[in-house]
Amino acid sequence: MARLTVVENKAAMSEAAAGRITTLIEAAVASRGMAAVSLTGGSTPDLLYQLLADPRRPWRQRIDWERLHLFWGDEREVPPDHPESNYGLAHRLLLQHVMIPDTQIHRMRGELPASDAGRLYDAVLRARRDQTAGPLFDVMLLGIGENAHIASIFPESPLLLGGADLSGPQERLLAAGVFVPELGTWRITMTPTALLDSAAIVMIAAGASKADAVAAAIDGPLDVPRYPAQLLREVEPGERVEWIIDSAAAARLRAAPRA
């Protein structure tokens, strides 16, 4: 059973997520001397990134930024300075305000064709796996789309249906370029194998437009190809998956405890 925290609004959700992520990073750095964190894009994490970067708030001072390795769960097929770039969002709101070595920022190459960028990122993640005995990531931050997609794994994705070439030389791919028919565009995304390979998975959602997707993901009838966020139900029982959402996003849940 995933841990669920419901707060009043997006601002409170962002603060709760900032606190939780900071605590997880601190624990990883204390244990291993570094932390590997995967970031998300879209509109949901914008305030969260601003809070983490704000020198007036406690989280920026608590994080040892030089000991972070940053990754991204997905990316649009756009250059890094494009307004829709997931990396660009994090760069504008967070990265340019803190000190992280460039060699520890592992962005997806959205300026390349998605198929090429996917292969390159698969190699990045395989190198990461070769360097660690534990999970790929200490923290996986994810949002949820209105259709219950996570990262760029959309409903009926070939990454869920087995219609894509998902076999690497020795094991399943960790990242791939995929075409999203409902958007008419290509995306680069981690595969389910990589997304779930994290010591902690923090899901964030805010707003009434996410209520149906959140309800389907958490307690709707199981249908992963239709509701990709239900992949998180495949994680072993415990509190490795944590949802931090506001009351509007929680409105259609059968039972939602409040913070």
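Residues numbered from 1 in each chain as written. Predicted model: local features only at pLDDT ≥ 70, side-chain atom pairs only at ≥ 80, totals over all residues. Heavy atoms only, no water.

## What about the pairing of strand 8 (residues 201-205)?
Which entries qualify depends on this criterion: The rule is simple: take the accessible area with a 1.4 Å probe, protein chains only, and divide by the maximum for that residue type; under 20% is buried, over 50% is exposed, in between is partly exposed. Going along the chain from the N terminus, every DSSP run of H or I of four or more residues is numbered as a helix, and every run of E of two or more is numbered as a strand. What makes two strands pair is DSSP finding at least two bridges between them.
The element strand 8 is largely enclosed, with a buried count of 5 among its 5 residues. Residues Ile-201, Met-203 and Ala-205 line one face of strand 8 and the alternating positions Val-202 and Ile-204 line the opposite face, and both faces are buried. Direction of pairing for strand 5 (residues 139-143) relative to strand 8: parallel, over a ladder of 4 bridges. Following the sheet pairing, Leu-142 is matched in strand 8 by Met-203. Judged from the 5 bridges that link them, strand 8 and strand 9 (residues 241-246) form a sheet pairing that is parallel. Each residue of the ladder has a partner; that of Ala-205, found in strand 9, is Ile-245.

## With respect to the side chain of Ser-198
As a reminder, the rule being used: Two N or O atoms form a polar contact when they lie within 3.5 Å of each other; inside protein one atom must be a possible hydrogen donor and the other a possible acceptor, and for residues adjacent in sequence the pair counts only when both atoms belong to side chains. Contact definition: two residues touch when any of their heavy atoms are within 4.5 Å.
Along the chain, Ser-198 turns up in the loop between helix 7 (192-195) and strand 8. Ser-198 sits in the buried class, given a relative accessible area of 2%. Separated by 3.3 Å, the side chain of Ser-198 and the backbone oxygen of Phe-137 make a polar contact. Residue contacts for Ser-198: discarding those within four places in its chain leaves Pro-135, Phe-137, Asp-138, Val-139, Met-140 and Arg-240.

## Observations concerning the packing of helix 2 (residues 46-53) against helix 4 (residues 86-93)
In plain terms, the rule: Lines fitted to C-alpha atoms define the axes here, with helix axes fitted over just the stretch in contact, and angles between the N-to-C directions of these axes take values from 0 to 180 degrees. Whether a crossing is left-handed or right-handed is set by the direction in which the near helix is turned from the far one by less than a right angle, anticlockwise for left-handed and clockwise for right-handed. Just so you know the grouping, Ala, Val, Leu, Ile, Met, Phe, Trp, Tyr, Cys and Pro go in nonpolar, Asp, Glu, Lys and Arg go in charged, and all remaining residues, Gly too, go in polar.
Contact geometry of helix 2 with helix 4 gives a least axis separation of 8 Å together with a crossing angle of 35°. Handedness of the helix 2/helix 4 crossing: right-handed. From helix 2, Asp-46, Tyr-49, Gln-50 and Ala-53 reach across to helix 4, where they touch Leu-89, Ala-90 and Leu-93. Residue composition of the contact of helix 2 with helix 4, by class: 5 nonpolar, 1 polar and 1 charged.

## Regarding empty space enclosed by the protein
Heads up, the rule is: Using protein atoms alone on a 1 Å grid, points that fit a 1.4 Å probe yet trap it form a cavity, whereas open point sets bounded by protein on both sides within 12 Å along at least five of seven lines form a pocket; residues with an atom within 4 Å of a point count as lining. Grid points are joined across faces, edges and corners, and a volume is the space filled by probe spheres set on the points.
Taken as a whole and judged by the stated rule, the model has 1 cavity of 30 Å³ or more. Within this model, the largest cavity holds a volume of roughly 80 Å³. If you go around the largest cavity, the residues you meet are Ile-21, Ile-25, Val-37, Ser-38, Leu-39, Tyr-49, Leu-52, Trp-65, Leu-68, Leu-70, Leu-94 and Leu-141. Those elements that place two or more of their residues in the lining of the largest cavity are helix 1 (10-32), strand 2 (35-39), helix 2 and strand 3 (68-72). No other element matches the 3 residues that strand 2 contributes to the lining of the largest cavity. When its residues are assigned to classes, the lining of the largest cavity shows 11 nonpolar, 1 polar and no charged.

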